[in-house]
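# Summary of the model geometry
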Amino acid sequence: MKNRNITIGRLIPNKAIAWNVVDDCIDFIQDLTNGSYASIFDHPTLAFFKRLHDEFGIPTLMAMFYCKGYNVTDKTDTWNLSMATDAHIAEFQANSSWLKVQFHSWTYEVRYRTGYTGVQNGVDYGRNAYDDWLTLKEQCLRIFGASSWYRDFWVPHFYDVRESEAQLLYTNESVRGLIGPTLNNMERKEASYLPLSDFNNLMKYGVIQDRMVGMVHIARNFATERVDGTLKTFWTPKHVIDYLNNYSHPLYRFQNPETHEIQIKNDSASSFETYTTKHALLDWGSWCMERNIRGAFPIAGDFDLIQY
C-alpha cells in the first residue's frame, strides 16, 4: 500500500556528518578472490579508505555491482559475486563500523526504469531492482557479513529506480531513502520516479521527503569527477577548497561527495594529471575535520521535516 497521505517537504540536517560514497564497486572483491592478500588492507583501494578513516574519521560506503560482462541475450556474465571469496569476512566484520557495502545495480549498463532520457543513456534490460537487491544482498552477507550491510539509504545507479520497486524496498527492506543526483555535476539531471516539482525541490534544498513512497532523498554535494562525465578529475586544491568554502547550499552540513571505484583504483599522476581523486578526498576529509563535521553513515532520524 502506497503512502499517499504522508507529510512531504524539505528536510533540514539536524547534525553535521560526512561519509564517502563510492559507486560501481566490484573490482576490489574480484582482486581479493584471485590474489593472495593477508589483509584486505593490502589492497590499495581498501587501504585508501582506511587512510581516510584513520586520519579524518570518514566512513566509506561501497555501492556494489553484482556482475561484470553481462550479456543481455543469454543473461550470462564473465564474473559475479557468487564467485567471490568469503575468506576475509572476519576482517570486513571487524571494520564494519566504518566500511560498509550495499546494492548499486546489477551491472553498469542496466537501468531499472523505462523511458530513461539521461545524457548517459543505458539499456532497460527488463530487470527488477528489488529482486536484484535481494540477490546481491544474499551474496554480500556471505562475503562481508551482516554488520557490513548498509540499508538505510540506497545509492541507485544513475539515481534510477521505479516507484513500485522503491516501495518494496521501503516496506520490506526498511530502506528509508535514496542518495541521488550531484549538485555540481550539471550533466546529470535524472529525476528517478520523482515528479519534476519534487526533483526541482531536491536540487534546491538538497534533502526532501517524497510524496509517493515517503523516501528521504539526499543529493550529493559535489563530484570528484569532471562535469562532462569523464572519469578523470582535473580539479586542483584551490578548486576543491574554494568550492567547499563558498558552498552555501542547505546541504552544507551533510558532506557526501560522489566518486567511483575506478577513480580510486586507477588514481595516479599519469592517468589523472597531478591532482588526483585521492588528493581531492583527502583535502575534503581535512576540511571536514577542521569544521568538526564528524564521520558517520546517515539514518532517517538525522533530518527535521519542514513542510513546503
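See above for the structure.
Below is a summary of the structure that appears in this document. This structure is a prediction, so every number in the text was calculated from the model and none was measured. (Residues numbered from 1 in each chain as written. Predicted model: local features only at pLDDT ≥ 70, side-chain atom pairs only at ≥ 80, totals over all residues. Heavy atoms only, no water.)

### Overview of the packing of aromatic side chains
Counted according to the given criterion, the structure contains 17 aromatic pairs. Centre to centre, the rings of Phe-28 and Phe-144 are 6.1 Å apart; their planes meet at 35°, and the pair counts as tilted. Note that Phe-28 is positioned in helix 1 (residues 27-34) and Phe-144 in helix 4 (residues 129-144), a separation of 116 residues in sequence. Assigned by exposure class, Phe-28 and Phe-144 land together as buried. Here the aromatic rings of Tyr-150 and Phe-297 are separated by 5.5 Å at their centres, their planes lie at 35°, and the arrangement is tilted. You can see Tyr-150 sitting in the loop between helix 4 and strand 10 (153-154) and its partner Phe-297 sitting in the loop between strand 16 (294-295) and strand 17 (303-307), a full 147 residues away along the chain. Take Tyr-150 and Phe-297: they sit in the same class, and that class is buried. Lying across the ring of Trp-106, Arg-127 places its NZ or CZ 3.8 Å from the centre. Between Arg-176 and the ring centre of Tyr-170, over which it is positioned, the NZ or CZ distance is 4.1 Å. (Phe/Tyr/Trp six-rings, centres within 6.5 Å; stacked < 30°, edge-to-face > 60°. Helix = DSSP H or I, 4+ residues; strand = E, 2+ residues; numbered from the N terminus. Buried < 20%, exposed > 50% of the residue type's maximum accessible area, 1.4 Å probe, protein only. Lys NZ or Arg CZ within 6 Å of the ring centre and 35° of its normal.)

### Brief notes about the sheet that holds strand 7 (residues 99-105)
One open sheet holds the 4 strands; their spatial order is 7-4-3-15, and the pairing between them is parallel. Two strands close off the open sheet at either side, each with one partner strand: strand 7 and strand 15 (258-260). Direction aside, neighbouring strands of the sheet carry axes that sit 30° apart on average. Judged from the 4 bridges that link them, strand 3 (residues 20-25) and strand 4 (residues 60-65) form a sheet pairing that is parallel. Residue pairing for strand 4: Val-21 is matched across the bridge by Leu-61. (Pairing = 2+ DSSP bridges. Axes fitted to C-alpha atoms, helices over the stretch in contact; angles between N-to-C directions.)

### Thoughts on the environment of Leu-81
With respect to the secondary-structure elements, Leu-81 resides in the loop between strand 6 (79-80) and helix 3 (89-94). Residues Leu-81 and Gln-30, 51 residues apart in the sequence, show an inter-C-alpha distance of 8.2 Å. Those residues in contact with Leu-81 that sit more than four places away from it in its chain are Ile-26, Ile-29, Met-64, Phe-65, Tyr-66, Leu-136, Gln-139, Cys-140, Arg-142 and Ile-143. (Contact = heavy atoms within 4.5 Å.)

### Some details on helix 5 (residues 163-172)
Among the residues making up helix 5, those that are buried are Glu-163, Glu-165, Ala-166, Gln-167, Leu-169 and Tyr-170. Next to the buried residues of helix 5 lie helix 4 and strand 10. Just beyond helix 5, the residue with positive phi is Ser-174, at close to 60°.

### As for the packing of helix 2 (residues 44-56) against helix 9 (residues 277-290)
With their axes 10 Å apart at the nearest point, helix 2 and helix 9 run at an angle of 20° to one another. Our classification of the angle between helix 2 and helix 9 gives roughly parallel. Seen along the crossing, helix 2 lies across helix 9 with a hand that is right-handed. Taken together, the residues of helix 9 that come into contact with helix 2 (itself represented by Phe-48, Arg-51, Leu-52, Glu-55 and Phe-56) are Lys-278, Leu-281, Leu-282, Trp-284, Gly-285, Ser-286 and Met-289. For the contact of helix 2 with helix 9, the class distribution of residues is 7 nonpolar, 2 polar and 3 charged. (Parallel < 35°, antiparallel > 145°, perpendicular 65-115°, else oblique. Left-handed = near helix turned anticlockwise from the far one by under 90°. Nonpolar A, V, L, I, M, F, W, Y, C, P; charged D, E, K, R; others polar.)

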